[in-house]
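Residue-level structure breakdown
Listed below are the residues making up each chain.
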Amino acid sequence: MTLATTYDLIVFDLDGVVYIGTEPVPGAADAIARLAAAGTAVAYATNNASRRAQEVADRLGAGGVPAKASEVLTSAEAAARLLATDYPPGSPVLVVGSPALRAVVAEAGLLPVSGAADAPVAVVQGYGPQIGWVDLAEASVAIRAGARWAATNTDATLPSPRGPLPGNGSLVAALAHALGRQPDAVVGKPEPALFEVAAQRYEAARPLVVGDRLDTDIEGANVARMPSLLVLTGVTQPADLLDVVPAQRPTHLATDLSGLFVPEAQVRIPACADPAEGVAAGGWRVVADGDRLVLDGAGDPLDALRALVAVAWAAGGRPGQPTPVGTDAERALAALRLPAGAVTAAS
């Protein structure tokens, strides 16, 4: 069975998985169309609170990915639901974010306001490229006066064709530094709500989460007790995987969404019982030798990465020095942009 046919719902992150900024990720639309043709349910879970669900669906459609608003779950909607549950209709909420976030708050029956003078019961903070000092100042005054502080997400960066740019988490950090404390609630990933709502909506028994970020997509999947596929089309780089904390470790790894259509065992990160004994993946074998991860063999560099990751994790998350045996292994580490020790001769 392929990875996709092992599960009954695929929940995609968007930024870094389906598109990067305004540019589509190559092959993503074809992969999702292939899932649709096979009858596999899909959903989209995004921490980006700058667009409403219908706007996200329209953007996906423009990029060749037919999508319905009902398939899209946003952190803006999750934050509005949270506040609407805790406060009566018409309660004033200071919105620090995009017009889309204001609209979602209004649709939830709350009253969006812009200043601390409006005596808001809560402040909701989400990403918006127009946010400035005045917005943060009003939020600071309102929170110090007793307003509850909810953040849609705390992603430090968001992907773009020019590289990572400051995300909502960076703006939340600025306000947290000024206030000397953290938000009262964070509703986006890595909180499990978006994934849990998707599974409930589709009555899925075996959902799979696909993402590009370890600290949001993958950690959120682990909190929700769902398996995950990490793709290397966005923020996470191969070196990031070697010393990642257990809470952020994916169960599967692929270069891109084409990994959904290969046998599940080929993209699963293997288990390693003993670092000194090592593991094999594809045509590669990795063993721990002191402070080195010795890579020997030949084949797909991504198989080499799966083996390196498995042994590094089994060694307690201490990555060690990847050391190639022979030129094939040296080329694989170069393709993965992993620093390597001196090449050793094949035994």
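A short tour of the structure in this document, coming up. Everything numeric in this text was worked out from a predicted model, so none of it was measured.

Three or more residues of helix H4 (residues 99-107) are buried, namely Ala100, Leu101, Val104 and Val105. Buried residues of H4 fall within an arc of 140° about the axis and therefore sit on the same side. The exposed residues of H4 that point more than 90 degrees off its buried face are Pro99 and Glu107. With its phi angle positive at about 95°, glycine 109 sits one or two positions after the end of H4.

Turning next to the environment of arginine 81. Structurally, the position occupied by arginine 81 is in helix H3 (residues 75-86). With 106 residues separating them along the chain, arginine 81 and valine 187 place their C-alpha atoms 9.9 Å apart.

Okay, the pairing of strand S6 (residues 92-96) next. Along any regular strand, the residues point their side chains to alternate faces of the sheet. The buried count for S6 comes to 5 of 5 residues, which makes it a mostly enclosed element. Both S6 and strand S7 (residues 111-113) contribute to a ladder of 3 bridges, which runs parallel. Within the sheet, the bridge partner assigned to proline 92 lies in S7 and is leucine 111. Once you follow S6 into H4 and on to S7, the crossover reads as right-handed. Bridge analysis of S6 against strand S8 (residues 122-125) gives 4 bridges, and the strand direction is parallel. Residue valine 93 lies in a different strand from S8, and its bridge partner there is alanine 122.

This part covers the pattern of salt bridges. Within this structure, the stated rule accounts for 11 salt bridges. Taking the shortest distance from any N to any O, the salt bridge between aspartate 184 and arginine 181 comes out at 3.1 Å. In this structure, the salt-bridge partner of aspartate 289 is arginine 292, at a minimum N-O distance of 2.6 Å. Three or more residues are tied together by salt bridges with common partners; here these are Asp13, Lys189 and Asp217.

This paragraph deals with unusual backbone geometry. Proline 190 follows lysine 189 through a cis peptide bond whose omega is 20°. By secondary structure assignment, the location of proline 190 is in the loop between strand S12 (185-186) and helix H7 (193-202). With a phi close to 60°, arginine 225 is a non-glycine residue in the positive phi region. Among the secondary structure elements, arginine 225 is positioned in the loop between helix H8 (214-223) and strand S14 (228-231). The class for arginine 225 is exposed, based on a relative accessible area of 78%. Phi at arginine 337 takes a positive value of approximately 60°, unusual for a residue other than glycine. In this structure, arginine 337 sits in the segment after helix H12 (327-335). Accessibility expressed as a relative area gives 57% for arginine 337, which makes it exposed.

Core analysis: the largest hydrophobic core is formed by 32 residues, its most contacted members being Phe12, Val18, Tyr44, Val210, Leu257 and Leu260. Contributions of two or more residues to this core are made by strand S1 (9-12), strand S2 (19-20), helix H1 (28-37), strand S4 (41-46), helix H2 (53-62), strand S13 (207-211) and S14. Setting aside chain neighbours within four positions, we find leucine 257 in contact with Phe12, Val17, Ala28, Ala31, Ile32, Val210 and Val231. Of all hydrophobic cores here, the second largest spans 30 residues; its members include Leu302, Val309, Ala332 and Leu336.

Reading the values: the criteria
- Residues numbered from 1 in each chain as written.
- Predicted model: local features only at pLDDT ≥ 70, side-chain atom pairs only at ≥ 80, totals over all residues.
- Heavy atoms only, no water.
- Buried < 20%, exposed > 50% of the residue type's maximum accessible area, 1.4 Å probe, protein only.
- Helix = DSSP H or I, 4+ residues; strand = E, 2+ residues; numbered from the N terminus.
- Arc of directions from axis to C-beta.
- Pairing = 2+ DSSP bridges.
- Right-handed = clockwise from strand over helix to strand, strands pointing away.
- Salt bridge = Lys/Arg side-chain N within 4 Å of Asp/Glu carboxyl O.
- Core = buried A, V, L, I, M, F, W, Y, C linked by side-chain atoms within 4.5 Å.
- Contact = heavy atoms within 4.5 Å.

Purely geometric numbers; function is a separate question.
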